Structure formats: structure tokens, C-alpha cells
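Each chain, letter by letter, is given below.
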Amino acid sequence: ADKVKIPLLASGGFGDGRGLAAALALGAEGVNMGTRFTATVEAPIHQGIKDAMLANDERGTDLIFRTYRNTARVAKNEISQQVVAAEREGKPFEDVADLVKGLRGREGLISGDANHGIWTAGMVQGLIHDIPTCAELLSRMVADAENIIRSRLHGMLIS
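A quick note: this is a predicted structure, and the numbers were derived from the prediction, not measured. Sequence positions are assigned chain by chain, starting from 1 and proceeding in written order. pLDDT decides what is reported in this predicted model: residues at 70 or higher carry local features, side-chain atom pairs at 80 or more are listed and counted, and totals for whole chains, interfaces and linings draw on all residues regardless. Values reported for side chains reflect all heavy atoms of the structure, with hydrogen atoms and water molecules removed beforehand.

**Considerations on the overall build of the protein**
So, step 1. Looking only at helices and strands, one finds seven helices and four strands in the protein.
So, step 2. Along the protein, helices (α) and strands (β) appear in the sequence β-α-β-α-α-β-β-α-α-α-α when read from the amino end.
So, step 3. Counting only C-alpha atoms and orienting by the principal axes, one finds that the protein spans roughly 60 × 35 × 30 Å.
So, step 4. Sequence-distant contacts, at least 24 apart, represent 55% of the contacts inside the protein between residues at least 6 apart.
So, step 5. In this description, accessible areas are obtained by the Shrake-Rupley approach with a 1.4 Å probe, and a residue is regarded as covered only by the protein chains that are shown. As presented, the protein carries roughly 9,600 Å² of accessible surface, and 55% of it is formed by carbon and sulfur atoms.
So, step 6. Of the charged side chains in the protein, 18 are positive and 20 negative; the average position of the first set lies 5 Å away from that of the second. Only DSSP runs of H or I with at least four residues qualify as helices, and only runs of E with at least two residues qualify as strands; both kinds are numbered from the N terminus onward. Between two residues, a contact is recorded if the distance between any of their heavy atoms is within 4.5 Å. Charge counting treats Lys and Arg as positive and Asp and Glu as negative, with His and both chain ends excluded. Here the site of a charge means atom NZ of a Lys, CZ of an Arg, CG of an Asp or CD of a Glu.

Structure representation (C-alpha cells):
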């Protein structure tokens, strides 16, 4: 933050007001959210996928493609577990390509079948406890961040 002259956005693992307050304290102007926005009313994916994220916690992800030098964090499901197993066995990418192709993942997002393909999701799933509208999510996050800054952080200076 000290080195750049343009607005800085923090990215990765943000989903509530605590994260927003922390990012602001570290010098960011705001946060970038991916997984959290997919669990909103407006997200153009099937409710079944949103419900799967709601049910998951921070351990509900897998890192795949590490052995192929292209790591991705995805929601843990039957397909991601097959990919992890194949990589552990040293299998080449061609052996998992049909499992991870984008079309297959898209079909799952449309049908709501959380085990049909892979879909990107972060550990922030552990902070997802509801499926609000985007407006509700952002209003709540800003209010929570303001409350943390006013009460907790400001209180640390006063004491």
C-alpha cells in the first residue's frame, strides 16, 4: 500500500465486515469478492450450488492441478476428489481433462448438481451463512466494518 499510487483492492477470503475492516486497516481502498458474491440472490447459478456453499465450511475446498503447475482452489466434491487422487498417483492431465473441462462445470452450475463438475470456491465458504441480495450483503458488510472501526478499533485508542 505504501508503494502504489493507485487505489488498492484486497482479494481473497473476504466475505464479511471483519475482513473489510482489516483490509482497510492494511491500506486497501476496498475488497474484491468472488465466492461470496456467488452465494447471493442475483448470482446466475442454480440454487443447489448456492446451498452447497452454504453447507460447506472453510475445509470444503480442494487444491487441484498442483502437479500440473496450475493450482486452482475448487469446492470439494466427488470430481475434485477424483482429480486429487489422480494427481497423487502421478497421472497426466489428460487423465482428468474430461472431469475438469469448463463445459462440464458449467452444466453443474446450471443444473445444481454440485458433483457434476468442478467449480471455483474459496475457503470463505466458512463465512457464508445466508444467501442475501447483493445490496443486503454490502450494506451489512459496511455496517459491520464501521461498527468494528468505531467501537473496537477506536476503543483501543481511548483505553
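What follows picks up the thread again.
**Focus: the environment of G48**
So, step 1. Mapped onto the secondary structure, G48 falls in helix α3 (residues 47-55).
So, step 2. The partly exposed category is assigned to G48, whose relative accessible area is 23%.
So, step 3. Each C-alpha atom, one on G48 and one on S111, is 7.9 Å from the other, the two residues being 63 residues apart in sequence. Summary of the burial criterion: residues with accessible area below 20% of their type's maximum are buried, those above 50% are exposed, and those between are partly exposed, where the area comes from a 1.4 Å probe applied to protein chains only.

**Here we look at the pattern of salt bridges**
So, step 1. For salt bridges, the criterion is a side-chain nitrogen of Lys or Arg within 4 Å of an Asp or Glu carboxyl oxygen. Tallied over the entire structure, the rule returns six salt bridges.
So, step 2. In this structure, R18 and D16 form a salt bridge, with 2.6 Å as the shortest nitrogen-oxygen distance.
So, step 3. Here R18 falls in the exposed class, since its relative accessible area comes to 55%.
So, step 4. According to the relative accessible area criterion, D16 is buried, its value standing at 16%.

**A few points about unusual backbone geometry**
Glycine aside, the phi torsion of most residues is negative, and most peptide linkages are trans.
So, step 1. Phi is positive for F65, which is not a glycine, with a value near 70°.
So, step 2. With respect to the secondary-structure elements, F65 resides in the loop between β3 (61-64) and β4 (72-75).
So, step 3. Take F65: its relative accessible area is 10%, and that puts it in the buried class.
So, step 4. Of note, the phi angle at R69 is positive, near 60°, even though the residue is not glycine.
So, step 5. Tracing the sequence through the fold places R69 in the loop between β3 and β4.
So, step 6. Looking at R69, the relative accessible area reads 77%, which means it is exposed.

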